[in-house]
Amino acid sequence: MNTYSRLFTPFRLGSVTLPNRIALAPMTRTSAEASGLANDRMVRYYTRFAEGGFGLIITEGTYPDLAHSQAYANQPGIADEQQAASWKPVVEAVHRGGGRIICQLMHAGALVQHNRFVREAVAPSAVIPKGKQLEEHGGSGEFAVPREITREEIDIVVEHFASAALRAKQAGFDGVEVHAANGYLLDQFLTEETNRRQDAYGGSTENRVRLTARVLEAIRQAVGPEFVVGVRISQGKVNDFDHKWRNGEADARIIFEALAAAKADYIHTTEYKAYLPAFAGGGPTLAALAKTYGGLPVIANGKLGEPERAERMLAEGDADLVAIGTSALVNPDWPRKVKAGLPLAPFDHAFLHPIATIREEECALSS
Ligand SMILES: Cc1cc2nc3c(=O)[nH]c(=O)nc-3n(C[C@H](O)[C@H](O)[C@H](O)COP(=O)(O)O)c2cc1C
């Protein structure tokens, strides 16, 4: 029997020691109160993953401000003291279950489906997003055309990320992850098609990654050296799965070097299939490129629910941790099952239809 020795080796991520290399991937479940408060259902939902053996839990994308960052109805926020306080029972329950928990901070940018604070979306440029709104998160039809964000507003976005990170620290989280992937605001800046700016935030890859780097620097300044600060990066987007960086490895080098220079503690890469080459024509995975050019711990995500594949990513040195998404939804005790050699339940996309909210049976506690 495979013992998956690497998956079950402890790992030090910044100032935090994790009992194993298995993370829960961030997954939006739109099950908070309409006011953005985390609730008891979420406490029970997240507890299951900690009790199921996940060493690290990354929360769903959480909005950092009471302005343009909210993307979805019933998405949780950490934009004020009340919202931050509502996360404390989640954090405490995960810690009691033996896990560590990182809050993912997410700004919607143009990909807004519901925002109870403002009526318009902001983005690097006034470009209508590709694709359709996500029905499983309560949307329908086209996205609206966003307004181009001003330089002054960019500075405010940076401050909002930093103050949200500080609130996360005060609420007891072990760290924050800046969501710069999957097509949301920071990824809109990174992407040529959605960023047509002529200023220091547009044009070259160095300029397009600048905002993410500034956010990381501002967070580090706010939370100090001991708090874990990570960043999530992808090529594909929720509204454009097949997007690839135009300059391939040259872009990867600029992006990952910039994130490391901004003093992130880790880089979390996500690809549809994390174990395949990042670019056409073969070559390294995106995770391996992040390790090479960032020189930081890397979390790899994307179809790693097969334990052999996850173990191989670690054994081959592509990544230090793996993040499990959909397979964890149907196996909240994925680590325990894998360790015991028990079969895993297969994930069926019907699980998230018609809506991806947490179902009662997902948060029934064993004890
Ligand atoms: C219902 C659902 C919600 C998601 N929400 C987020 C999110 O809030 N933040 C994020 O970075 N990724 C989000 N993702 C992407 C997952 O983190 C992960 O990248 C994806 O499921 C692929 O990993 P997997 O093959 O292990 O499922 C979401 C995925 C699903 C299925």
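Engineer: Got a minute to help me understand the packing of aromatic side chains in this structure?
Structural biologist: Given two aromatic rings, one states the distance between the centres and the angle between the planes to describe the pair. Inspection of every chain in the model, using the stated rule, returns nine aromatic pairs. With a centroid separation of 4.9 Å and 70° between ring planes, the pair formed by Tyr 45 and Tyr 46 is classed as edge-to-face. In this structure Tyr 46 comes out as buried when scored by relative accessible area, which is 1%. Ring geometry for Tyr 46 and Trp 87: centres 6.4 Å apart, planes at 55°, overall tilted. With a gap of 41 residues between them, Tyr 46 in helix H1 (residues 40-51) and Trp 87 in helix H2 (residues 81-96) connect regions that are remote in the sequence. Here Tyr 46 and Trp 87 have matching classes, each one buried. Joined through ring pairs, the aromatic side chains of Tyr 45, Tyr 46, Phe 49, Phe 54, Trp 87 and Phe 173 make up one cluster. The cationic tip of Arg 359 hangs over the ring face of Phe 351; the distance from NZ or CZ to the ring centre is 4.4 Å.

Engineer: Looking at this structure, I do not really get the state of the cysteines. What am I missing?
Structural biologist: All chains considered together, the criterion is met by zero disulfides. Free of any disulfide, Cys 103 has its nearest cysteine sulfur in Cys 363, 19 Å distant. The buried category is assigned to Cys 103, whose relative accessible area is 0%. Note on Cys 363: relative accessible area 0%, which makes it buried.

Engineer: It is not clear to me how helix H8 (residues 286-294) should be interpreted in this structure. Could you clarify?
Structural biologist: In an α-helix there are 3.6 residues to a turn, and that puts residues three or four apart on one side. Taking burial as the measure, the nine residues of H8 include seven buried ones, the bulk of the element. All of the buried residues in H8 are Leu 286, Ala 287, Ala 288, Leu 289, Ala 290, Tyr 293 and Gly 294. Directly after H8, the chain includes Gly 295, whose backbone phi takes a positive value near 65°.

Engineer: Looking at this structure, how should I read empty space enclosed by the protein?
Structural biologist: To locate leftover empty space, one rolls a probe as large as a water molecule over the atoms. Summed over all chains, the structure comprises one cavity of 30 Å³ or more. Lining the largest cavity are Tyr 45, Arg 48, Phe 49, Leu 329, Pro 332 and Glu 362. Classifying every residue of the lining of the largest cavity by side-chain character gives four nonpolar, no polar and two charged.

Rules of the game
- Residues numbered from 1 in each chain as written.
- Predicted model: local features only at pLDDT ≥ 70, side-chain atom pairs only at ≥ 80, totals over all residues.
- Heavy atoms only, no water.
- Phe/Tyr/Trp six-rings, centres within 6.5 Å; stacked < 30°, edge-to-face > 60°.
- Buried < 20%, exposed > 50% of the residue type's maximum accessible area, 1.4 Å probe, protein only.
- Helix = DSSP H or I, 4+ residues; strand = E, 2+ residues; numbered from the N terminus.
- Lys NZ or Arg CZ within 6 Å of the ring centre and 35° of its normal.
- Disulfide = S-S within 2.5 Å.
- 1 Å grid on protein atoms, 1.4 Å probe; cavity = no way out; pocket = protein on both sides within 12 Å on 5 of 7 lines; lining within 4 Å.
- Points joined across faces, edges and corners; volume = space filled by probe spheres on them.
- Nonpolar A, V, L, I, M, F, W, Y, C, P; charged D, E, K, R; others polar.

Remember, this is a structural readout, not a statement about activity or role.
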